[in-house]
Amino acid sequence: MTKNVAIRIDQQSWTTASPVFRKQCPFPQPTQISAVNFGRAMLWVGMMSVSSRMPQWWAASLWAVVRYFAAVDQGVPQLQLHEFIEDIDSNPKRVLSDDWGTGVAVEWLDSEF
């Protein structure tokens, strides 16, 4: 499932990094709308939270895909929650927000680099 997300790049942060890590920002626009593969984004979340030394780690890394795929409103092109997610408590929504942010960012960077 591909979803559109608005990506904002803090271009100044590239020039204020310590000299060892300083690079020229490769992204010409500070804000852009990008298509992100949401399934891959959630797979990144799962893979980052499961040890690859664990037996059947690949199956265990699919937890985020299973947990969050149904929360997406599939009727719109942008990434947003389905309206019925309002029934969920606020703590799981905060966790969802962190997981989505991490997964979408890593997937976007992976597709750009």
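Residues numbered from 1 in each chain as written. Predicted model: local features only at pLDDT ≥ 70, side-chain atom pairs only at ≥ 80, totals over all residues. Heavy atoms only, no water.

Engineer: Please set out the pattern of salt bridges residue by residue, giving values where relevant.
Structural biologist: Taken as a whole and assessed by the stated rule, the structure comprises two salt bridges. Glu107 is the partner of Arg40 in a salt bridge, and the nearest nitrogen-oxygen pair spans 3.0 Å. Placement of the pair is Arg40 in helix H2 (residues 38-48) and Glu107 in helix H5 (residues 90-112), with a sequence separation of 67 residues. Residue Arg40 is classed as partly exposed on the basis of its relative accessible area, which comes to 37%. In this structure Glu107 comes out as buried when scored by relative accessible area, which is 6%. Sharing partners across several salt bridges, the network here consists of Arg40, Glu107 and Asp110. (Salt bridge = Lys/Arg side-chain N within 4 Å of Asp/Glu carboxyl O. Helix = DSSP H or I, 4+ residues; strand = E, 2+ residues; numbered from the N terminus. Buried < 20%, exposed > 50% of the residue type's maximum accessible area, 1.4 Å probe, protein only.)

Engineer: Provide a residue-level description of the nonpolar core, including the pertinent values.
Structural biologist: Counting 20 residues, the largest nonpolar core has Phe38, Met42, Tyr68, Leu79 and Trp100 as the members making the most contacts within it. Going through the elements one at a time, strand E1 (2-8), H2, helix H4 (63-68) and H5 are the ones with two or more residues in this core. Setting aside its immediate chain neighbours within four residues, Trp100 contacts Phe38, Met42, Tyr68, Ala71, Val72, Leu79, Gln80 and Leu81. (Core = buried A, V, L, I, M, F, W, Y, C linked by side-chain atoms within 4.5 Å. Contact = heavy atoms within 4.5 Å.)

Engineer: Can you lay out the pairing of strand E2 (residues 31-37) for me, pointing to particular residues and giving the numbers?
Structural biologist: Each regular strand shows side chains that alternate between the opposite faces of the sheet. Residue alternation in E2 divides its side chains into a buried set, Gln32, Ser34 and Val36, and an unburied set, Thr31, Ile33, Ala35 and Asn37. Of the pairings in the sheet, the one linking E1 to E2 comprises seven bridges and is antiparallel in character. The partner of Ala6 across the bridge, within E2, is Ile33. (Pairing = 2+ DSSP bridges.)

Engineer: Account for a nonpolar patch on the surface, with residues named and values stated.
Structural biologist: There is a patch of nonpolar side chains on the surface, built from Met47, Met54, Trp57, Trp58, Leu62 and Val66 and spanning about 540 Å² of accessible area. Position of Val66 relative to the elements: it lies in helix H4. Exposure remark for Val66: the relative accessible area of 68% places this residue in the exposed category. (Patch = residues over 30% accessible without salt bridge, like charges linked within 9 Å, V, L, I, M, F, W, Y side chains within 5 Å. Areas by Shrake-Rupley, 256 points an atom, 1.4 Å probe, with all protein chains shown as cover.)

Engineer: Tell me about the packing of aromatic side chains, and please be specific about residues and values.
Structural biologist: Working definition: an aromatic ring pair is given by the centre-to-centre distance plus the angle between the planes. On inspection of all chains with the given rule, the structure shows seven aromatic pairs. Relative to Trp108, the ring of Phe27 has its centre 4.9 Å away and its plane inclined at 40°; by these criteria the two rings are tilted. With a gap of 81 residues between them, Phe27 in the loop between helix H1 (11-16) and E2 and Trp108 in helix H5 connect regions that are remote in the sequence. Grouping residues by exposure puts Phe27 and Trp108 together as buried. The structure contains a cluster of three or more aromatic residues connected by ring pairs, namely Trp14, Phe27, Trp108 and Phe113. (Phe/Tyr/Trp six-rings, centres within 6.5 Å; stacked < 30°, edge-to-face > 60°.)

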